[in-house]
Amino acid sequence: MGSFNSHDEIVSDYANAKIILSLRANASLTSASGRTRRLTDGLRKGAKFVVMDPRKSEAASKATTWMPVKPGTDQAVLLVILKEIIQRGTYDAEFLKNYTNAPFLCMAAPQGPMVQMAMKVDEKTGKPSEFYVYDEDKKKIVALPCPANGNLKEASGNPVSPLLTAPDGLTWQGKPVKTAFQFLSDKVKGFTAEWAAKIADVPAEQITQVANDMATIRPALVDSGWYDVRYASSIQTWRTAALIQVLLGGVDKEAGWIYNASTRELNSNFWKIMRSGGTPKMAPGMYGAIGQAALFDTPENWKHDVPTVSKVWSDQQWAAGKDGVAFDMASYAGYPEAMLGKVSYNGQPYQLKLVFLTACNPVRTSYSDQTWKEALSSPTLPLVIAYDVEPQDSLLYADVILPDQTYLERGDPLYEAEQSLDRAIVARNPIKPITDGRHMLDIFIELANRFGKYEMYIRGMADFFGWDADVLKKVVDGARASGKSIGLPLRDMLIAGNAKKMNKPVEQLQKALTEQGVLPVMKLEEQIKEAGIPYVFPAPTPSGRIEIYSIFFAGFTKKYGYKPNWDPLVAYMTPDWKPGLKPEDPLAENEFYFTHGHIATMSHTSSADNDLLMSLTKEQGHHYTGVWMNPKKARKLGLKTGDAIELENANTNQKARGAAYVTELIRPDTVFIASALGHESKQLTTAVGVGTALNKLVPYKLEPVAGVVQTGQFTVKVRKV
Amino acid sequence: MAKYGMILDLNTCTGCRACQAACAMENQTPYWANKFRTHVEDITRGQFPQVERALQPRLCMQCDNPPCVSVCPTGASHKTPEGIVGMDAGRCMGCKYCIIVCPYEARFVYESADMKKAKQVYGQTPKAAAVDKCTFCQHRLKKGEEPACVSTCLAGARIFGDLDDPESAVAKLVKSGQAQTLRADLGTQPRVYYLGNVKGRKG
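A quick note: this is a predicted structure, and the numbers were derived from the prediction, not measured.

Participant: Could you clarify how one ought to interpret the overall build of chain A in this entry?
Facilitator: Per the secondary structure count, chain A includes 26 helices and 28 strands. Relative to a compact globule of 721 residues, whose C-alpha radius of gyration would be 27 Å, chain A shows 26 Å and is just as compact. In chain A, which comprises 721 residues, the share counted as buried stands at 57%. Excluding contacts between residues fewer than 6 apart, the proportion of contacts in chain A whose partners are at least 24 apart in sequence is 69%. Surface summary for chain A: the accessible area is close to 29700 Å², and the carbon and sulfur share equals 54%. Put simply, chain A has 82 plus and 78 minus side-chain charges, and the middle of one group is 1 Å from the middle of the other.

So this is what it looks like as structure tokens:
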């Protein structure tokens, strides 16, 4: 799809689907993000709702079919669905042929399971410039340009009729070739419901029924997900889900995965500039991420002649035969080591001397809290600054604390309404400040000023956001001269900029944003007509098409060697919670798979210390704050609801405390905790001591594609304490 | 005069409790003491994997034959002209007879400790420490607004309107027979209805 993360860039159009397949996504219903209403709109219209979840979450309680899969085994079921769609031929062939790289010719790699896509690479840029398809009418292989939004024309402008299935015996440059679609079909053809049933531990009949339904009911939609329990196989699991969605043709259209307005706007601006030969400053989706990867990898991009922490740490790891991170985007990979003095670059120590925690709480929300506590306390790390509104757990490790403003007081810039299908601009109207918090921008601008880099910082900000640097400087100078916060003046600047773009009077926008807080900009239908992806503009992928074969992932193989984690088509990854444990193996009497997730009243750790939300949480008692366990195993362990228990990560021996909640709502082999609880800072008012801290159990173990923290990749042992 | 009624759609209530939060803020109730004018029951039935989880919003049913009004010794509990079961806090003597007889657990009492904390949290207290309950946000109805819980419901699971208006969604659903009341056998004649699981949906 070219999106970097579905959470911010893709909206699932539940309201118009006749069947919705949801996995690992309770938040679709319980989080106030706009998804809820669209999902229930779909349900009200009679949509079938299939929910894959080891426990009966709120979302699962609304399902027409609940598949209580063993945690982490979703991919097995998804592969059977994918196979069924392919074998029945109920995929959207026209979409695949015209707008994806499904018809592109590929060959098997000389060794191993890798499939290589036939392409011509531009010597100067290192990027693909040509792909190949078999043309049905011309009865030969023709070249297609790259990047392009589709496969309908050769570079010359001649029309093309690509085939999804190449004729037998076709060769290219002497090598036997088939289409990416054929390779994908081959990969999945052997997966059966019986096989998946053994792994996911749900009835084969149920899998068959769901596969049949997804292959026949139209329109069908896979939930694009939100935040989920993470495994080594998470990337390939979501690839499989995305492949189903793409085979359904459900891209940027009704009942499909719809790019949100800001992504579509960013994408069309990007391609307009690219087409005119310019260099876009801001890139959408994966292009933004690729830009980030370039920073990661290319010395020319290192502004201070040294690579990032994660890059140095990653290289150290690969060199030692361990997993680094192929693509780092805010993964925190290597940060603790760099604080503890365990990282070096070119023979010199790579020692972090200052850590500035800006409104984040890694001690509580990242991997292993113990790792962070040790790192932030390290004598080798001289200074930790924190900036926040409340005395959360990470602040206990800060030398200096700067007060943030609450969102109620803060003059925020304008936001795009991310989870809205129609494009809208959102503005918050702050109350008069009642705390002594300071706006983040005021702090950073002042810091830049004291470093003697005021001009540079302002110009850098303007450059990054695509603003007029002179206008911005006037605004900032003005705010500082009058002793005011930059917040509202900046917002006024953005409103004026928007008014100019929209050719409307500034007063009109000011009025709408002040009175309503939201300004509708463009309806979905118009957006798709003008900038549908990939119908009008290419997708933000290397080829510009929707890629069932990920060229980006193929690049990782080139660089780091093949790993199923980054198979460019799809690879089934056997869930392996601990060495030697296969899905069919029984667990010990006191051992469980581990899951965590959303309770209705707590969306984030940052909302935990809220009197009202905590009251609503505590009203439900252990049902929300306890460790969910089925009576079958609970009885054997002598546990009843409320009993104090200790959970221990069976791989790492990390421990956490909690209270048992004995319930039939969960698989007997699985435990569940709410993700956002377990706060420790005694300076907090209502959150401390409630629930179990997730990251007391989560190891500092990152999966190698994007450095994702593997929050479900272990079993836990439970004992009464 | 409008005959206000509400329909709660059990097919789409997601148990998010936004209604509980919105109501508490709108009506300044003692949420810290687990006292709510509306709440959502979270009921588990059966055994894994056939286990069912029911999310059931509850509030005062604004009964047309309200037991709480029958038993009230002071007349504090009364039916208003719009058919809302109202509470005159000044008349309430705190005997709690109404709490005992309400089959829907819709009422709670403001204790003096709650009054103290309410002053702290909200800056003001109710008229008196009395029994409290949902009023269908009467103060909002007067302004032409829907009750806070209806307005905030993420899922669109609360439907509100005039039961006497044949064009209203609530009237249509009641007429269709799909909407049922809780404990109809008790003869309380609630104005709050429920849409149960649509036949054949689960499977």
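There is more to say, and it comes next.
Participant: Got a minute to help me understand a negative patch on the surface in this structure?
Facilitator: Taken together, E254, E525, E526 and E530 of chain A make up a surface patch of like negative charges. As for its placement among the helices and strands, E254 of chain A is situated in the loop between α10 (234-247) and β14 (257-259).

Participant: Explain the packing of helix α11 (residues 261-275) of chain A against helix α22 (residues 524-531) of chain A to me, please; I cannot follow it from the model alone.
Facilitator: Residue and element names in this part refer to chain A. Packing of α11 against α22 brings their axes to within 11 Å, and their N-to-C directions diverge by 25°. If you check the angle between α11 and α22, you find them roughly parallel. When the axes of α11 and α22 are compared, the crossing they make is left-handed. Here A261, R264 and S268 of α11 lie close against α22, whose contacting residues are L524, Q527, I528 and A531. Its residues assigned to classes, the contact of α11 with α22 comprises 4 nonpolar, 2 polar and 1 charged.

Participant: I would appreciate a short explanation of the confidence of the model for chain B in the present structure.
Facilitator: Low-pLDDT stretches of the model should not have their predicted coordinates read in fine detail. All names here are of chain B. Across chain B, pLDDT averages 95, with 97% of residues at or above 70. Confidence drops under pLDDT 50 across residues 199-203; counting only partners more than four residues distant or on other chains, this segment forms 13 contacts. Scoring the predicted complex yields pTM 0.95 and, for the interface, ipTM 0.95.

Participant: Looking at this structure, I do not really get the sheet that holds strand β20 (residues 415-416) of chain A. What am I missing?
Facilitator: Adjacent strands of a sheet form backbone hydrogen bonds with each other and so pair up, either parallel or antiparallel. Residue and element names in this part refer to chain A. The strand order β20-β21-β22 describes an open sheet built from 3 strands, whose pairing is antiparallel. The sheet is open, and its two borders are formed by β20 and β22 (518-522), each paired with just one other strand. One ladder, built from 4 bridges, connects strand β21 (residues 423-426) with β22; its direction is antiparallel. Counterpart to V426 in the pairing with β22 is V518.

Participant: Sorry, what's going on with the nonpolar core here?
Facilitator: The nonpolar side chains of a soluble globular protein tend to be buried, and buried together. All names here are of chain A. Grouped together as the largest cluster of nonpolar side chains are 95 residues, with contacts concentrated most on M67, I81, L184, I207, M214, I244 and Y549. A per-element tally of this core places helix α5 (residues 74-88) first, with 9 residues. Aside from chain neighbours lying at most four places away, what touches L184 is L82, I86, L243, L247, I548, L569 and V570.

Participant: Honestly, the packing of aromatic side chains in this entry has me stumped. Any pointers?
Facilitator: Residues and elements named next belong to chain A. As enumerated under the stated definition, the model contains 38 aromatic pairs over all chains in all. Ring plane angle 50° and centroid distance 4.5 Å describe the contact between W577 and Y593, whose orientation is recorded as tilted. Taken as a pair, W577 in the loop between α23 (551-560) and β23 (591-597) and Y593 in strand β23 lie far apart in primary sequence, 16 residues in all. The exposure class assigned to W577 is buried, which follows from its relative accessible area of 2%.

Participant: Looking at this model, I keep getting lost on the pattern of salt bridges. Mind explaining?
Facilitator: Where charged atoms from two side chains of opposite charge approach closely, those side chains can pair. All names here are of chain A. All chains considered together, the criterion is met by 60 salt bridges over all chains. The salt bridge partner of D369 is K696, with a shortest N-O separation of 2.8 Å. Here K696 lies in the loop between β27 (670-674) and β28 (715-720) and D369 lies in helix α16 (residues 369-376), a separation of 327 residues in the sequence. The structure contains a network of salt bridges with shared partners spanning R364, D369, K373, D393, E680 and K696.

Participant: Just to check I follow, could you spell out the interface of chain A and chain B for this structure?
Facilitator: Many analyses report the size of an interface as the accessible area lost when the parts associate. Chain A puts 38 residues into the contact, and the matching count from chain B is 38 residues. For the pair chain A and chain B, the summed buried area comes to about 3000 Å², and 53% of that belongs to carbon and sulfur atoms. Taken as a group, K62, L612 and E664 of chain A account for 20% of the area that chain A buries against chain B, more than any other trio of residues on that side. Counting every contact that joins chain A to chain B gives 3 salt bridges. At the junction of chain A and chain B, the tally comes to 17 residue pairs in polar contact (both at pLDDT 80 or more). When residues of the side of chain A that touches chain B are traced back to their parent elements, those giving at least two are α2 (27-30), α3 (35-44), α4 (58-61), β4 (65-67), α24 (611-619) and α25 (622-625) of chain A. Here the residues of the side of chain A that touches chain B are counted per class, giving 15 nonpolar, 13 polar and 10 charged.

Participant: Honestly, the environment of D422 of chain A in this entry has me stumped. Any pointers?
Facilitator: All names here are of chain A. Inspection of the secondary structure assignment puts D422 in the loop between β20 and β21. For D422, a relative accessible area of 28% puts it in the partly exposed group. Linking D422 and E525, residues 103 residues apart in sequence, is a C-alpha distance of 8.2 Å. Apart from residues no more than four positions distant in its own chain, D422 is found in contact with M522, K523, L524 and Q527. There is a polar contact of 3.2 Å between the side chain of D422 and the side chain of K523.

Participant: Is there a simple way to explain the side chain of K56 of chain A in this structure?
Facilitator: Along the chain, K56 of chain A falls in the loop between β3 (48-52) and α4. In terms of polar contacts, K56 of chain A uses its side chain to reach the backbone carbonyl oxygen of V51 of chain B, at 2.9 Å. In this structure, K56 of chain A is in contact with S61, W66, W628 and L665 of chain A together with V51, E52 and R53 of chain B, ignoring residues within four places of it in sequence.

Participant: I'm lost on the side chain of S233 of chain A in this one. Help?
Facilitator: All names here are of chain A. Looking at the element boundaries, S233 is found in the loop between β13 (220-222) and α10. A relative accessible area of 4% means that S233 is categorised as buried. Non-local contacts of S233, meaning those with residues more than four positions away in its chain, are made with G72 and M573.

Participant: It is not clear to me how unusual backbone geometry should be interpreted in this structure. Could you clarify?
Facilitator: In most cases, non-glycine residues show a negative phi, while peptide bonds are predominantly trans. For the bond running from C146 of chain A to P147 of chain A, omega is 0°, close enough to zero to count as cis. Tracing the backbone shows P147 of chain A in the loop between β9 (140-145) and β10 (171-172). In the Ramachandran plot, R17 of chain B falls in the positive-phi region, its phi being about 70° despite a non-glycine side chain. For R17 of chain B, the position within the fold is in the loop between β1 (4-9) and α1 (18-27). Residues other than glycine seldom take positive phi values, yet N34 of chain B does so here, at roughly 60°.

Participant: Whenever I open this one, the packing of helix α18 (residues 454-465) of chain A against helix α19 (residues 469-481) of chain A confuses me. Can you help?
Facilitator: When two helices pack together, their arrangement is given by the angle between their axes and by how far apart the axes lie. Residue and element names in this part refer to chain A. It is the contact of α18 with α19, at a shortest axis distance of 9 Å, that shows an interaxial angle of 125°. When the interaxial angle is binned, α18 and α19 end up oblique. In this structure, α18 crosses over α19, and the sense of that crossing is right-handed. For the pair formed by α18 and α19, the contact residues are Y454, E455, I458, R459, M461 and A462 on the first element and A469, D470, L472, K473, V476, D477 and R480 on the second. Grouping the constituent residues of the contact of α18 with α19 by class yields 7 nonpolar, no polar and 6 charged.

Participant: Would you take a moment to explain the sheet that holds strand β6 (residues 115-117) of chain A for this structure?
Facilitator: Residues and elements named next belong to chain A. Across the sheet, which stays open at both edges, the 3 strands sit in the order β6-β5-β12 with antiparallel pairing between neighbours. What marks the edges here is a single partner per strand, and that holds for β6 and β12 (178-179). Note: strand β5 (residues 105-108) against β6, 3 bridges, orientation antiparallel. The residue bridging C106 from the neighbouring strand is M117, located in β6.

Participant: What am I meant to see in the environment of V570 of chain A here?
Facilitator: All names here are of chain A. Mapped onto the secondary structure, V570 falls in the loop between α23 and β23. Residues V570 and S543, spaced 27 residues apart in sequence, show a C-alpha to C-alpha distance of 18 Å. With residues near it in sequence (within four places) discarded, V570 still touches Q75, L79, L184, K187, V188, Q236, T240 and L243.

Participant: Where do I start with the pairing of β9 of chain A in this structure?
Facilitator: Residues and elements named next belong to chain A. Relative to β9, strand β8 (residues 128-135) runs antiparallel, the two sharing 6 bridges. Counted as the bridge partner of V133 is V142 from β9. Between β8 and the antiparallel strand that follows it, β9, lie 4 residues; K139 among them carries a positive phi value of about 55°.

Participant: Would you mind going over a nonpolar patch on the surface with me for this structure?
Facilitator: The grouping of Y407, L408, I431 and I434 of chain A at the surface amounts to a nonpolar patch, some 430 Å² of accessible area in total. Of note, L408 of chain A is situated in the loop between β19 (400-403) and β20.

What counts and what doesn't
Per chain, residue numbering runs from 1 following the sequence as it is written. Whichever chain is written first becomes A and whichever ligand is written first becomes 1, with later ones labelled in order. In keeping with the predicted nature of the model, local features appear solely for residues at pLDDT of at least 70, side-chain atom pairs appear and are counted solely at 80 or more, and the whole-chain, interface and lining totals rest on all residues. Heavy atoms from the whole structure form the basis of all side-chain values; hydrogens and water molecules are not counted. Numbering of helices and strands runs from the N terminus; a helix is a DSSP stretch of H or I covering at least four residues, while a strand is a stretch of E covering at least two. This radius of gyration counts C-alpha atoms alone. The globule rule is 2.2 Å times how many residues there are, raised to the power 0.38. The classification of residues rests on relative accessible area computed with a 1.4 Å probe and restricted to protein chains. Under 20% of the type maximum is buried, over 50% is exposed, and intermediate values are partly exposed. Any two residues whose heavy atoms approach within 4.5 Å are treated as being in contact. Areas reported as accessible are Shrake-Rupley estimates using a 1.4 Å probe. Residue values count occlusion only from the protein chains shown. When charges are counted, Lys and Arg contribute as positive and Asp and Glu as negative, whereas His and the chain ends are disregarded. By convention, charge coordinates are those of NZ in Lys, CZ in Arg, CG in Asp, or CD in Glu. Here, patches come from residues exposed beyond 30% relative accessible area and free of salt bridges, joined within 9 Å for like charges and within 5 Å for nonpolar side chains (Val, Leu, Ile, Met, Phe, Trp, Tyr). Should a side-chain nitrogen of Lys or Arg be within 4 Å of a carboxyl oxygen of Asp or Glu, the pair is scored as a salt bridge. Only the contacting stretch of a helix is used when fitting its axis, a line to C-alpha atoms as for every element, and angles between N-to-C directions run 0 to 180 degrees. We call two directions roughly parallel when the angle between them is under 35 degrees, roughly antiparallel when it is over 145, roughly perpendicular when it lies between 65 and 115, and oblique otherwise. By convention the crossing between two helices is left-handed if the near helix lies anticlockwise of the far one by an angle smaller than a right angle, and right-handed if it lies clockwise. Polarity classes work like this: nonpolar for Ala, Val, Leu, Ile, Met, Phe, Trp, Tyr, Cys and Pro, charged for Asp, Glu, Lys and Arg, and polar for all others, with Gly in that last group. pLDDT runs from 0 to 100 and stands for how confident the predictor is about each residue. For two strands to count as paired, DSSP must find a minimum of two bridges between them. In this text, buried Ala, Val, Leu, Ile, Met, Phe, Trp, Tyr and Cys residues form a nonpolar core when linked through side-chain atoms within 4.5 Å. Pairing of aromatic side chains requires ring centres within 6.5 Å, counting the rings of Phe and Tyr and the six-membered ring of Trp. Pairs whose planes differ by under 30 degrees are stacked, by over 60 edge-to-face, and all others tilted. Here's the idea: put two parts together, see how much 1.4 Å probe accessible area each one loses, and the total over both is what we call buried area. As used in this structure description, the phrase polar contact means that two N or O atoms lie within 3.5 Å; if the pair is within protein, one of them must be able to donate a hydrogen and the other to accept it, and residues adjacent in sequence are counted only when both atoms belong to side chains.

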